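Structural overview
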Amino acid sequence: AQSVTQPDIHITVSEGASLELRCNYSYGATPYLFWYVQSPGQGLQLLLKYFSGDTLVQGIKGFEAEFKRSQSSFNLRKPSVHWSDAAEYFCAGTDNYGQNFVFGPGTRLSVLP
Amino acid sequence: DVKVTQSSRYLVKRTGEKVFLECVQDMDHENMFWYRQDPGLGLRLIYFSYDVKMKEKGDIPEGYSVSREKKERFSLILESASTNQTSMYLCASSLGPTSGRAGEQFFGPGTRLTVL
């Protein structure tokens, strides 16, 4: 069965520090992969997506993610975190029909001043 | 920009009431989804629909039903609300498989439902 895992439930970083949020997937074929961000009390906003091609994808708000087939990973990175990045981050994947959409459990990011 | 709207941001109902949650999208998306989100449990898929009048059960369909009479509208129905259905409900839509970009889901702002 398809699955998406996020090993870290909660991460705390200092403002200005770099960030990496981990995501691993298990799919029969190469899935489409996504990162979403959710601020408290809000819906989910798409940060970036990977369908095919270049394995390093750029997203909004200065985020990027790298697809590594050999490691079944799609980790999210940001070189310098801002206080406004504090939120919950969800990795997700689907097959190319878009119907077997699976979310990871989420990683909550706290940012220290 | 894709816009997904949900009929209410906050809703308070009593046990046993019939509850309708409405979701509308304006980008002609084929797929629409209903999730509930609870602390520690993440997002769980209740139902989805890949076409008008079509529906598929997700992971937790018990106690819920859905209706999709028009392509842009997907309704979630709680036939007899119970306290364990107190949750945040999120609607989403996405393109279908022929688009080559299936899976990119666009979310509404959510409805926080409290059942007393």
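For the structure itself, consult the block above.
So, here is what we can say about the structure in this document. (Residues numbered from 1 in each chain as written. Chains lettered and ligands numbered in written order. Predicted model: local features only at pLDDT ≥ 70, side-chain atom pairs only at ≥ 80, totals over all residues. Heavy atoms only, no water.)

1. A look at the environment of Leu11(B)
All names here are of chain B. By secondary structure assignment, the location of Leu11 is in strand E2 (residues 10–13). The class of Leu11 is buried, set by a relative accessible area of 16%. For the pair Leu11 and Gly58, spaced 47 residues apart in the sequence, the C-alpha separation amounts to 23 Å. What Leu11 contacts, discounting residues up to four positions off in sequence, is Val19, Leu21, Thr111, Arg112, Leu113 and Thr114. (Helix = DSSP H or I, 4+ residues; strand = E, 2+ residues; numbered from the N terminus. Buried < 20%, exposed > 50% of the residue type's maximum accessible area, 1.4 Å probe, protein only. Contact = heavy atoms within 4.5 Å.)

2. Regarding the state of the cysteines
Tallying each qualifying case throughout the model produces two disulfides over all chains. For Cys23(A), the disulfide goes to Cys91(A), at an S-S distance of 2.0 Å. Taking the torsion about the S-S bond as the criterion, the Cys23(A) to Cys91(A) disulfide, at about -65 degrees, is left-handed. With Cys23(A) in the loop between strand E3 (19–21) and strand E4 (24–26) and Cys91(A) in strand E10 (residues 87–94), this residue pair connects regions lying 68 residues apart in the sequence. Comparing Cys23(A) with Cys91(A), the two get one shared label, buried. Each disulfide pairs two cysteine sulfurs, and for Cys23(B) the partner residue is Cys91(B), the sulfurs being separated by 1.8 Å. Judged by the sign of its S-S torsion, about -75 degrees, the bond between Cys23(B) and Cys91(B) is left-handed. One end of the pair, Cys23(B), is in strand E3 (residues 19–25); the other, Cys91(B), is in strand E9 (residues 87–94), with 68 residues separating them in the sequence. (Disulfide = S-S within 2.5 Å.)

3. Re the layout of surface pockets
One way to see where empty space is left: roll a probe the size of a water molecule over the atoms. Each pocket or cavity is described by its volume, and for the largest pocket that value is around 500 Å³. Lining the largest pocket are 19 residues, with Glu88(A), Phe90(A), Gln37(B), Pro39(B) and Gly40(B) sitting closest to its centre. Of all the secondary structure elements, the ones that give two or more residues to the lining of the largest pocket are E10 of chain A together with strand E4 (31–38) of chain B. Among the residues forming the lining of the largest pocket, the class breakdown is eight nonpolar, seven polar and four charged. One number sums up the size of the second largest pocket: a volume of about 190 Å³. When contributions to the lining of the second largest pocket are tallied by element, the ones reaching two or more residues are strand E11 (102–103) of chain A together with strand E5 (42–49) of chain B. Considering every element that reaches the lining of the second largest pocket, the biggest residue donor is E5(B), with four residues. (1 Å grid on protein atoms, 1.4 Å probe; cavity = no way out; pocket = protein on both sides within 12 Å on 5 of 7 lines; lining within 4 Å. Points joined across faces, edges and corners; volume = space filled by probe spheres on them. Nonpolar A, V, L, I, M, F, W, Y, C, P; charged D, E, K, R; others polar.)

4. Points about the interface of chain B and chain A
In this assembly, 22 residues from chain B lie in contact with 20 residues from chain A. Where chain B abuts chain A, roughly 1,700 Å² becomes buried across the two surfaces, and 56% of that area is made up of carbon and sulfur atoms. Here chain B is connected to chain A by one salt bridge. With its nearest N and O atoms 3.0 Å apart, the salt bridge here joins Glu104(B) to Lys49(A). Between chain B and chain A we count four residue pairs in polar contact (both at pLDDT 80 or more) in total. Going through the elements one at a time, E4, E5 and E9 of chain B are the ones with two or more residues in the side of chain B that touches chain A. Per-element tally for the side of chain B that touches chain A: the top contributor is E4(B), with four residues. (Buried area = accessible area lost by both parts, 1.4 Å probe. Salt bridge = Lys/Arg side-chain N within 4 Å of Asp/Glu carboxyl O. Polar contact = N/O pair within 3.5 Å; in protein donor to acceptor, adjacent residues only side chain to side chain.)

5. Some words on the packing of aromatic side chains
All names here are of chain A. Summed over all chains, the structure comprises 16 aromatic pairs over all chains. Pairing Tyr25 with Phe67 gives two aromatic rings, centres 5.8 Å apart and planes at 20 degrees, and the pair type is stacked. Of this pair, Tyr25 sits in strand E4 while Phe67 sits in strand E8 (residues 64–68), and the two are 42 residues apart along the sequence. Neither residue differs from the other here; Tyr25 and Phe67 are each classed as buried. (Phe/Tyr/Trp six-rings, centres within 6.5 Å; stacked < 30°, edge-to-face > 60°.)

6. Let's talk about the sheet that holds E3(B)
Residue and element names in this part refer to chain B. Taken together, four strands build an open sheet; the order of strands is E1-E3-E8-E7 and the sheet is antiparallel. At either end of the open sheet lies a strand with only one pairing partner, and these are strand E1 (4–6) and strand E7 (64–70). Averaged over all adjacent pairs, the angle separating strand axes in this sheet is 20 degrees, with direction ignored. As defined by bridge partners, E1 adjoins E3 across three bridges and the pair is classed as antiparallel. Directly across from Thr5, in E3, lies its bridge partner Val24. (Pairing = 2+ DSSP bridges. Axes fitted to C-alpha atoms, helices over the stretch in contact; angles between N-to-C directions.)

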